[in-house]
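Observations on chain architecture
Take a look at the letters that make up each chain.
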Amino acid sequence: MMRSVHAKRRLASILIPILGVASSGIAVAAKPAVNKAEAASAQQSQQFVDGIAAVVNQRVITLQQVNVEARMAQQQLQRQKIPVPDFAVLQKQVLQRMITEEVERQEADRQGIKVSDAQTEQAVQTVASRNKISVAQLRQEIEKSGVSWETYIENLRKEVRMDMLRQRAVDSTIVISDAEVDAFLKAQGNQLPAATQDPRAQQPRQAAPVQQSGPQVLGLAQILVAVPEGASSSQVQELRKKAEAILARVRGGADFAGIAASSSDGPEALSGGELGLRPVNGWPDLFLQATENLKAGETSAIIQSGNGFHILKVLTRGQAAQGGNAAARAPVPGPAAVPQAQQQAQGPMMVTQTHARHILIKSSKVMSDEKAETRLKQLRQRIVNGEKFEDLAKRSSEDVTAPQGGDLGWLTPGETVPAFEQAMNALEPGQISEPIKSQFGWHLIQVLERRTKNMENEFKRMQARQILFQRRIEPAFEDWLSQLRSQAFIDNRLDPQSNRNRR
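The shown structure was predicted, so the numbers you read here are calculated from the model rather than taken from an experiment. (Residues numbered from 1 in each chain as written. Predicted model: local features only at pLDDT ≥ 70, side-chain atom pairs only at ≥ 80, totals over all residues. Heavy atoms only, no water.)

1. Looking at the pattern of salt bridges
Across all of its chains, the model carries 23 salt bridges by this definition. For Glu143, the salt bridge identified is with Arg139, shortest N-O distance 3.1 Å. In this pair, Glu143 and Arg139 both sit in helix H6 (residues 135-144), four residues apart, roughly one turn of the helix. Note on Glu143: relative accessible area 39%, which makes it partly exposed. For Glu434, the salt bridge identified is with Arg380, shortest N-O distance 3.8 Å. A residue pair is termed long-range when its members are at least 10 positions apart, and Glu434 in the loop between helix H15 (418-425) and strand S9 (436-438) and Arg380 in helix H13 (residues 369-384) qualify at 54 residues. The class of Glu434 is partly exposed, set by a relative accessible area of 45%. Connected through shared salt-bridge partners, Arg59, Glu102, Arg105, Asp109 and Arg161 make up one network. (Salt bridge = Lys/Arg side-chain N within 4 Å of Asp/Glu carboxyl O. Helix = DSSP H or I, 4+ residues; strand = E, 2+ residues; numbered from the N terminus. Buried < 20%, exposed > 50% of the residue type's maximum accessible area, 1.4 Å probe, protein only.)

2. Observations concerning the environment of Arg240
Locating Arg240 in the fold gives a position in helix H9 (residues 233-251). Relative accessible area serves as the criterion here: at 26%, Arg240 is assigned to the partly exposed category. Arg240 sits 13 residues away from Val227 along the chain, and the two C-alpha atoms are 9.0 Å apart. Excluding anything up to four places from it in sequence, Arg240 contacts Ile302, Gln304 and Phe309. (Contact = heavy atoms within 4.5 Å.)

3. Some points on the nonpolar core
Membership of the largest hydrophobic core comes to 58 residues, with the highest contact counts inside it found for Ile61, Leu90, Leu95, Ile99, Leu138, Tyr152 and Trp480. If one sorts the elements of this core by residue count, helix H16 (residues 456-487) sits on top with 10 residues. Sequence-distant contacts of Leu90, that is, excluding residues within four places in its chain, are made with Ala70, Ala73, Gln74, Leu77, Val84, Pro85 and Leu270. With 16 residues, the next largest nonpolar core counts Val227, Leu239, Leu247 and Ile302 among its residues. (Core = buried A, V, L, I, M, F, W, Y, C linked by side-chain atoms within 4.5 Å.)

4. A look at the sheet that holds strand S1 (residues 52-56)
Pairing between sheet strands relies on hydrogen bonds along the backbone, with the strands arranged either parallel or antiparallel. Reading across from one edge, S2-S1-S11 is the order of the three strands in this open sheet, with antiparallel pairing throughout. Of all the strands in the sheet, the pair left with one neighbour each is strand S2 (59-62) and strand S11 (490-492). Averaged over all adjacent pairs, the angle separating strand axes in this sheet is 20°, with direction ignored. Inspection of the sheet shows S1 paired to S11 by three bridges, in the antiparallel sense. When the bridges of S11 are listed, Val55 appears paired with Asp491. Lying on the sheet, helix H3 (residues 63-79) is in contact with S1 and S2; it crosses S2 at an angle near 55°. (Pairing = 2+ DSSP bridges. Axes fitted to C-alpha atoms, helices over the stretch in contact; angles between N-to-C directions.)

5. Topic: unusual backbone geometry
Positive phi is not limited to glycine here, since Asn57 has a value of about 55°. With respect to the helices and strands, the residue Asn57 is situated in the loop between S1 and S2. Of note in the backbone geometry, Lys81 takes a positive phi value of approximately 60° without being a glycine. Within the element layout of this structure, Lys81 appears in the loop between H3 and helix H4 (87-110). A residue is classified by how much of its surface remains accessible, and Lys81, at 74% relative accessible area, is exposed.

6. Quick notes on the packing of aromatic side chains
In the structure shown here, the tally under the stated rule is two aromatic pairs. Both rings, one in Trp149 and one in Tyr152, keep their centres 5.4 Å apart while their planes meet at 25°; by these two values the pair is stacked. Of this pair, Trp149 and Tyr152 both sit in helix H7 (residues 149-169), separated by three residues, roughly a single helical turn. In this pair, the class of Trp149 matches that of Tyr152, namely buried. Centroid distance Phe477 to Trp480: 5.9 Å. Interplanar angle 35°. Geometry classified as tilted. Highlighted residues: Phe477 and Trp480, both in helix H16, separated by three residues, approximately one helical turn. (Phe/Tyr/Trp six-rings, centres within 6.5 Å; stacked < 30°, edge-to-face > 60°.)

7. Structural notes on the environment of Gln167
By secondary structure assignment, the location of Gln167 is in helix H7. In the structure, Gln167 is positioned 306 residues away from Ile473 in sequence and 10.0 Å away in space, judged by C-alpha atoms. Side-chain polar atoms of Gln167 contact the side chain of Gln439, separated by 2.8 Å. (Polar contact = N/O pair within 3.5 Å; in protein donor to acceptor, adjacent residues only side chain to side chain.)

8. Describing the sheet that holds strand S8 (residues 407-411)
One open sheet accounts for four strands, arranged S8-S7-S10-S9; its pairing is antiparallel. Strands at the two margins of the open sheet, each flanked by one partner only, are S8 and S9. Recorded for the sheet is a direction-independent mean angle of 40° between the axes of neighbouring strands. Sheet analysis places strand S7 (residues 350-361) next to strand S10 (residues 441-454), joined by 12 bridges and oriented antiparallel. Across the sheet, Ala356 pairs through a bridge with Val447, a residue of S10. Sheet contacts for H15: S7, S8, S9 and S10; angle to S10, the most-contacted strand, approximately 65°.

Set out below in structure tokens:
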């Protein structure tokens, strides 16, 4: 399926690297000199592991790779004024991140996910536009930080690839029923929360100009003590005690970001545990409930999820400035995922919808991009020669719509991913596209008909669905990642204890 209610979910990890986001490879700096303590730690590690830091399935991560990443993480933490852990601790934290990235990379290879030059260029444009600068200015900022443009582009390509993997593997598993949408709207009095509406539609009518403000936003950081899948009750109790000890340190005055960098199992540990800034409705229910009575700077009690024990800190709570760049950093659906009519005042929303169907062929190691494209060209020719589109879709499509002959129903602008929508919009009713590629695979599209419809009620339902989806996507992603790791062979030689904790 290629609907993209959630298409912008992880752009926060792509955006704003020029502001110091500590994601692997993106915030790359010049190689620093190694002090004596680091050299001693590295030498000791080398002695024990013979240059191998970890084995992930059949792929080796070397100690040299870990040390390079650890020195970069050290510089990043210093720039963010976060207390830097001992180098040996930093090595272990960095290695855990590298192991996770390697597991994801291998899964992307298995599924045959590739990123084209055009997709990479589009990601660069997105980063620049959301930071309200040109691509040339973005390049200047990147190079000013000590990162070569070529390195930045390569790491951005990797980030886009991982985003495509997550969309394919996780997003499609989340289903929001009509009954859930009905219940949500009923609880809201059939009105969308302010965070999801266009602020211009909410301004009071008055003569005097007023300062515009954006939606309610919440910025959080976390320390995560992960609980491995299938952990025994004694393991869970041991890990809870670890979380309780960490919470006691935080409440005793220790620096939250510093403890996150040294002790958190979360992927954002080396960013001081920062999860980002989002509209309130963009956070999982569990996080909202745990922080609803907290002010900025306050820390939650321990909360437990399927992923482990969380300690949350409220970094920001309030309204985003209208026109500011906070929304650009928030990993929530962006304006492209909403009909154009949203940008108008409340009332009738006349939108042109398209009734379309498609055939999807997913690329993989077995089915390369070239084979998938050729296969769809052959199917297209058979349709042109008189075979029925729906019959071929039932037999050949790999989408969940195959039993319905590939019928997608009525599609609203912004409801599908950009590559699909652009190709669909170029077709007249009855026309069939050439094969086109999206992050989900290769598509053959046929437009059946178009109509113009008042989408006011549908828009409310779509926005409600977006909110419910956003609340579930993070827990679903963490569950998927935990399962992916549990299925892999991981031999962490710098931290053997973690092998037992995570397997």
